[in-house]
Amino acid sequence: HRIKQYLCRWCFESLPLDTLAREAAAIGYVGIDLVEPADWPILKKHGLVGTMTPSHTIVKGLNNPAYHAQCLASIREAIDATAAAGFPNVICFSGNREEHIPDHTGVMHTAAALKQIAAYAEEKNVTVCIELLNSKVDHPAYMCDRSDWGAAVIRHVGLVFLLLAMAALVDHASLLLRVDLPIERFVISHRTAGLDDAFRRISFFGSTKVVLVGGAA
């Protein structure tokens, strides 16, 4: 089975985690994204994996050096917890655009921050994933809103990190249409979200790991 499906916790906040985990396991899901470490015993009780560990906030991210110390501390803490649990991934974010930080500068700032944590993540056998979000609908001003921006960060880091890509960017229509491009090398997770609100909301029920590469070109 090449397709491993998992859920994103925030999409089902109205459900108790124990109920969500039990039902997810019953129908074949392997894990749940963005579950806090304190709740991991619930996942393990149902044989599930914490597929993406939370770290710092979305708005104040790695594109601004003023937030590096705080973000990196959160990422390091998440790496430690993830490694101890035997889970695979930690999420991080570019942060929002700011007037004094153009996109190309944000790439360099983000890569510089991630280089500081790369060796540690590798030592712990944890993949740090930068999230690509839709700035036209859900996350206004978010900087990593294009796959080429995220790929540029990864190239500057040295391909240690894999890009967590969320599909259905208004800019691109869908990354499903772009899997023939080099960005495919960097995608660890592809969420099949659509452009209309209803489909965006229900589609998170299933996500697919489409590329499992260890940073190799």
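Only a predicted model underlies this, so the values are computations on that prediction, with no experimental measurement involved.

### Observations regarding the confidence of the model for the protein
Regions with low pLDDT should not have their predicted coordinates read in detail.
Alright, step 1. Looking at the protein, the pLDDT average stands at 77 and 72% of residues meet or exceed 70.
Alright, step 2. Per-element averaging of pLDDT across the protein places strand β8 (residues 207–208) at the bottom with 30 and helix α2 (residues 40–45) at the top with 98.
Alright, step 3. Low pLDDT (under 50) marks residues 163–188, which in the prediction has 92 contacts with non-local residues, meaning those over four places away or in another chain.

### Some thoughts on the pairing of strand β1 (residues 5–8)
Alright, step 1. Bridging between β1 and strand β2 (residues 31–33) involves three bridges; their strand directions are parallel. Directly across from Tyr6, in β2, lies its bridge partner Gly31.

### Concerning the pattern of salt bridges
Alright, step 1. Per the counting criterion, the structure on display carries six salt bridges.
Alright, step 2. Between Asp18 and Arg22 there is a salt bridge, and its shortest N-O distance comes to 3.9 Å. Here Asp18 and its partner Arg22 are both found in helix α1 (residues 17–26), four residues apart, which amounts to about one turn of the helix.
Alright, step 3. Asp18 gets classed as partly exposed once you look at its relative accessible area, which sits at 26%.

### So, helix α4 (residues 103–123)
Since the α-helix advances by 3.6 residues per turn, residues separated by three or four positions end up pointing in the same direction.
Alright, step 1. With 21 residues, α4 extends 30 Å between its outermost C-alpha atoms, agreeing within 8% with the 30 Å of an ideal straight helix rising 1.5 Å per residue.
Alright, step 2. The largest bend in α4 amounts to roughly 40° and is located at Ile117.
Alright, step 3. Among the residues of α4, those classed as buried are Gly106, Val107, Thr110, Ala111, Ala113, Leu114, Ile117, Ala118, Tyr120 and Ala121.
Alright, step 4. Taken from the residues just after α4, Asn125 is the one with a positive phi, measuring 60°.

### Some points on helix α5 (residues 147–157)
Alright, step 1. Among the 11 residues in α5, eight count as buried, and that is most of the element.
Alright, step 2. Within α5 the residues assigned to the buried category are Ser147, Trp149, Gly150, Ala151, Ala152, Val153, Ile154 and Val157.
Alright, step 3. One or two steps after α5, the chain reaches Gly158, where phi turns positive at roughly 105°.

### Side note on the side chain of Asn63
Alright, step 1. By secondary structure assignment, the location of Asn63 is in the loop between β3 (49–52) and α3 (68–85).
Alright, step 2. According to the relative accessible area criterion, Asn63 is buried, its value standing at 1%.
Alright, step 3. Setting aside chain neighbours within four positions, we find Asn63 in contact with Ser94, Gly95, Asn96, Arg97, Ile101, Gly106, His109, Thr110 and Met143.

### A few points about the environment of Pro37
Alright, step 1. Here Pro37 lies in the loop between β2 and α2.
Alright, step 2. For the pair Pro37 and Pro54, spaced 17 residues apart in sequence, the C-alpha to C-alpha distance is 8.6 Å.

### With respect to the packing of aromatic side chains
Alright, step 1. Per the counting criterion, the structure on display carries one aromatic pair.
Alright, step 2. For the pair Trp40 and Phe87, a centre-to-centre distance of 4.9 Å together with 75° between the ring planes defines the contact as edge-to-face. Here Trp40, found in helix α2, pairs with Phe87, found in the loop between α3 and β4 (89–92); they are 47 residues apart in sequence, far enough to count as distant. Accessibility assignment for this pair places Trp40 and Phe87 in one class, buried.
Alright, step 3. The aromatic ring of Phe87 is capped on one face by Lys44, whose charged end is 5.4 Å from the ring centroid.

### A word on the environment of His156
Alright, step 1. Secondary-structure assignment places His156 in helix α5.
Alright, step 2. Measuring from C-alpha to C-alpha, the distance between His156 and Lys115 comes to 8.7 Å, with 41 residues separating the pair along the chain.
Alright, step 3. Filtering out sequence-adjacent residues up to four positions away, His156 remains in contact with Val107, Met108, Ala111 and Lys115.
Alright, step 4. Here Ala152 takes part through its backbone oxygen, which lies 2.8 Å from a polar atom of the side chain of His156.

### Notes on unusual backbone geometry
Glycine aside, residues mostly have negative phi angles, and peptide bonds mostly take the trans form.
Alright, step 1. Backbone geometry at Leu34 places phi at a positive 60°, although glycine is not the residue there.
Alright, step 2. Among the structural elements, Leu34 can be located in the loop between β2 and α2.
Alright, step 3. At Ala141, a residue that is not glycine, the phi angle is positive and equals roughly 80°.
Alright, step 4. For Ala141, the location among the structural elements is in the loop between β5 (127–132) and α5.
Alright, step 5. Given a relative accessible area of 34%, Ala141 falls into the partly exposed group.

Parameters and conventions
- Residues numbered from 1 in each chain as written.
- Predicted model: local features only at pLDDT ≥ 70, side-chain atom pairs only at ≥ 80, totals over all residues.
- Heavy atoms only, no water.
- pLDDT = per-residue confidence, 0-100.
- Helix = DSSP H or I, 4+ residues; strand = E, 2+ residues; numbered from the N terminus.
- Contact = heavy atoms within 4.5 Å.
- Pairing = 2+ DSSP bridges.
- Salt bridge = Lys/Arg side-chain N within 4 Å of Asp/Glu carboxyl O.
- Buried < 20%, exposed > 50% of the residue type's maximum accessible area, 1.4 Å probe, protein only.
- Expected span 1.5 Å × (residues − 1).
- Bend = angle between axes of the 7 residues up to and from the residue.
- Phe/Tyr/Trp six-rings, centres within 6.5 Å; stacked < 30°, edge-to-face > 60°.
- Lys NZ or Arg CZ within 6 Å of the ring centre and 35° of its normal.
- Polar contact = N/O pair within 3.5 Å; in protein donor to acceptor, adjacent residues only side chain to side chain.

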